[in-house]
Amino acid sequence: MIQVREKLFQQNGGLLLKHIISTKEGGVNTTKIFTAEEVKKATNNYVNERIFGRGGNRIVYRGVLCDNHIVSIKRSRFVDESQIDQFINEVLILTQVMNHQNVVRLSGCCLEVEVPFLVYEYVSEGTLYEHIHNQRGGTPWLSWQNHLRIATEIASAHAYLHSIRPCL
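These numbers come from a predicted model, not from an experiment.

**Brief notes about the packing of helix α2 (residues 14–23) against helix α4 (residues 84–96)**
Reasoning step 1: Taken N-terminus to C-terminus, the directions of α2 and α4 make an angle of 25°; their axes are 10 Å apart at the nearest point. Considered as vectors, α2 and α4 are oriented roughly parallel to each other. Crossing of α2 over α4 shows right-handed handedness. Between α2, through Leu-16, Leu-17 and Ile-20, and α4, the contact on the second element is made entirely by Asp-85, Ile-88, Val-91 and Leu-92.
Reasoning step 2: Class assignment for the residues of the contact of α2 with α4 results in six nonpolar, no polar and one charged.

So this is what it looks like as structure tokens:
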């Protein structure tokens, strides 16, 4: 099992990511590479009760790490091995996003599995989608002024993400 995990880690670009993190290139200094066991334990063995989001090719779990820190764990349903460099570059870009109020911070990833996981900070207030569609109940707060503010902040976050220079 250890050899399989090591092979998957290497296949998913783990050595390259580990090297970049260890040399702190591109401001990557708080990224954690989680083990498969840590992710499995955090999701309580991937139980359905921990799923709080689904979309196209991903499932998002609410995870609880050993230190009781709550995270969101994004698990894709498939990975294209020819795009591993692109995946690693995405991880590196996301790890550089530390101080933008409208971008969820990436805590790390898990590469010891067939399809890599991304581990994000947990947003307890809910998603933008839930607020737009008033899925959390309560009084709708989306006036046209709030719609415009949200669109502006999304554009700002998008521009910020595109201003980060890739490490690869």
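**A word on α4**
Reasoning step 1: Its 13 residues place the ends of α4 19 Å apart at the C-alpha level, agreeing with the 18 Å of an ideal helix rising 1.5 Å per residue.
Reasoning step 2: Taken across its 13 residues, α4 has ten buried, putting it largely inside the fold.
Reasoning step 3: Along α4, the positions that sit buried rather than exposed are Ile-84, Phe-87, Ile-88, Asn-89, Val-91, Leu-92, Ile-93, Leu-94, Thr-95 and Gln-96.
Reasoning step 4: Turning to α4, the residues buried within the fold contact α1 (2–11), α2, β5 (106–110), β6 (117–121) and α6 (144–163).

**A word on the pattern of salt bridges**
Reasoning step 1: Inspection of every chain in the model, using the stated rule, returns three salt bridges.
Reasoning step 2: The salt bridge involving Arg-149 is made with Glu-153; its shortest N-O contact spans 3.4 Å. You can see Arg-149 and its partner Glu-153 sitting in helix α6, four residues apart, about one turn around the helix.
Reasoning step 3: Judged by relative accessible area, Arg-149 falls into the partly exposed class, the value being 37%.

**Some words on the confidence of the model for the protein chain**
Reasoning step 1: Averaged over all residues, the pLDDT of the protein chain is 81; the fraction at 70 or higher stands at 88%.
Reasoning step 2: Here helix α5 (residues 128–132) stands out as the least confident element of the protein chain, with mean pLDDT 74; helix α3 (residues 36–42) is the most confident, with 95.

**So, the packing of aromatic side chains**
For any pair of aromatic rings, geometry is given as the distance between the ring centres together with the angle between the planes.
Reasoning step 1: All told, the structure shown has three aromatic pairs when counted by the stated rule.
Reasoning step 2: When the centroid spacing of 5.8 Å and the interplanar angle of 5° are considered together, the rings of Tyr-46 and Phe-117 count as stacked. Placement of Tyr-46 in the loop between α3 and β2 (51–55) and of Phe-117 in strand β6 is noted, with a sequence separation of 71 residues between them.
Reasoning step 3: With 5.7 Å between their ring centres and 80° between their planes, Phe-52 and Tyr-122 make a pair best called edge-to-face. With a gap of 70 residues between them, Phe-52 in strand β2 and Tyr-122 in the loop between β6 and α5 connect regions that are remote in the sequence.
Reasoning step 4: By the ring-pair criterion, three or more aromatic residues cluster together here, those being Tyr-46, Tyr-61 and Phe-117.
Reasoning step 5: Directly above the ring of Tyr-122 sits Arg-62, whose terminal nitrogen or CZ lies 5.6 Å from the centroid.

The rules behind each value
Residues numbered from 1 in each chain as written. Predicted model: local features only at pLDDT ≥ 70, side-chain atom pairs only at ≥ 80, totals over all residues. Heavy atoms only, no water. Axes fitted to C-alpha atoms, helices over the stretch in contact; angles between N-to-C directions. Helix = DSSP H or I, 4+ residues; strand = E, 2+ residues; numbered from the N terminus. Parallel < 35°, antiparallel > 145°, perpendicular 65-115°, else oblique. Left-handed = near helix turned anticlockwise from the far one by under 90°. Contact = heavy atoms within 4.5 Å. Nonpolar A, V, L, I, M, F, W, Y, C, P; charged D, E, K, R; others polar. Expected span 1.5 Å × (residues − 1). Buried < 20%, exposed > 50% of the residue type's maximum accessible area, 1.4 Å probe, protein only. Salt bridge = Lys/Arg side-chain N within 4 Å of Asp/Glu carboxyl O. pLDDT = per-residue confidence, 0-100. Phe/Tyr/Trp six-rings, centres within 6.5 Å; stacked < 30°, edge-to-face > 60°. Lys NZ or Arg CZ within 6 Å of the ring centre and 35° of its normal.

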